[in-house]
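Secondary and tertiary structure notes
Next come the chains, spelled out residue by residue.
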Amino acid sequence: MSSRQQPRWTQTWLGGVRSAGVDLGYPGERLGLPRQGSGAVAGFGRRIGALVIDWMICTWAIAQGLLRVNPAEQGWVPLAIFALANILLVGTTGMTFGMRLLGIRVATLDGGRPRFVPVLARTLLLCLAVPALIWDRDQRGLHDRAANTVVVRL
């Protein structure tokens, strides 16, 4: 192979192994999930959209509207409401309000609904934010990996 056909070292370093021509498959293939449609790994846009919807509900509707708490003065209140809502809703239905609106849910790797302890661990890591921003090639954050869950489309 000539040097013109090989990628430059900066392309593999900056773009990852996919830019070097390595086929890693689609997100969720290693987990046995379909490429598209129901049961496929949910995309970044839907996940962020659901998170924004849930955060707005917890901050504006519940903290300010129902509890009359100013989030600027007591910033921990919306976070506590967010954590409680995630634990209750994901633990019982597998999804939050934002997830339901955008057509996604949290599932175990075998497709079922996650149990209480993994949901608790997932929620605590999600509230730390950083673990949710570190993803693997199946688009699972550290919080999903710790709980053995994956966010899939409905």
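Everything discussed here concerns the structure shown above.
Source: prediction; values computed, not measured. (Residues numbered from 1 in each chain as written. Predicted model: local features only at pLDDT ≥ 70, side-chain atom pairs only at ≥ 80, totals over all residues. Heavy atoms only, no water.)

1. With respect to the packing of helix α3 (residues 76-92) against helix α5 (residues 116-128)
Between α3 and α5, the least distance of the axes is 9 Å, while the angle of their chain directions is 150°. On the basis of their axis angle, the class for α3 and α5 is roughly antiparallel. Crossing angle aside, the handedness with which α3 passes α5 is right-handed. Between α3, through L79, F82, A83, N86, I87, V90 and G91, and α5, the contact on the second element is made entirely by F116, V119, L120, T123, L126 and C127. (Axes fitted to C-alpha atoms, helices over the stretch in contact; angles between N-to-C directions. Helix = DSSP H or I, 4+ residues; strand = E, 2+ residues; numbered from the N terminus. Parallel < 35°, antiparallel > 145°, perpendicular 65-115°, else oblique. Left-handed = near helix turned anticlockwise from the far one by under 90°. Contact = heavy atoms within 4.5 Å.)

2. As for the pairing of strand β1 (residues 104-108)
Burial within β1 is extensive, with 4 of its 5 residues counted as buried. Where β1 lies against strand β2 (residues 149-153), 5 bridges are found, and the strand directions are antiparallel. By the bridge assignment, I104 is partnered in β2 with R153. (Buried < 20%, exposed > 50% of the residue type's maximum accessible area, 1.4 Å probe, protein only. Pairing = 2+ DSSP bridges.)

3. Considering α3
Its 17 residues place the ends of α3 24 Å apart at the C-alpha level, agreeing with the 24 Å of an ideal helix rising 1.5 Å per residue. Taken together, the buried positions of α3 are occupied by V77, P78, I81, F82, A83, N86, I87 and V90. Its buried side turned inward, α3 meets α2 (44-66), β1 and α5. One or two steps after α3, the chain reaches G94, where phi turns positive at roughly 85°. (Expected span 1.5 Å × (residues − 1).)

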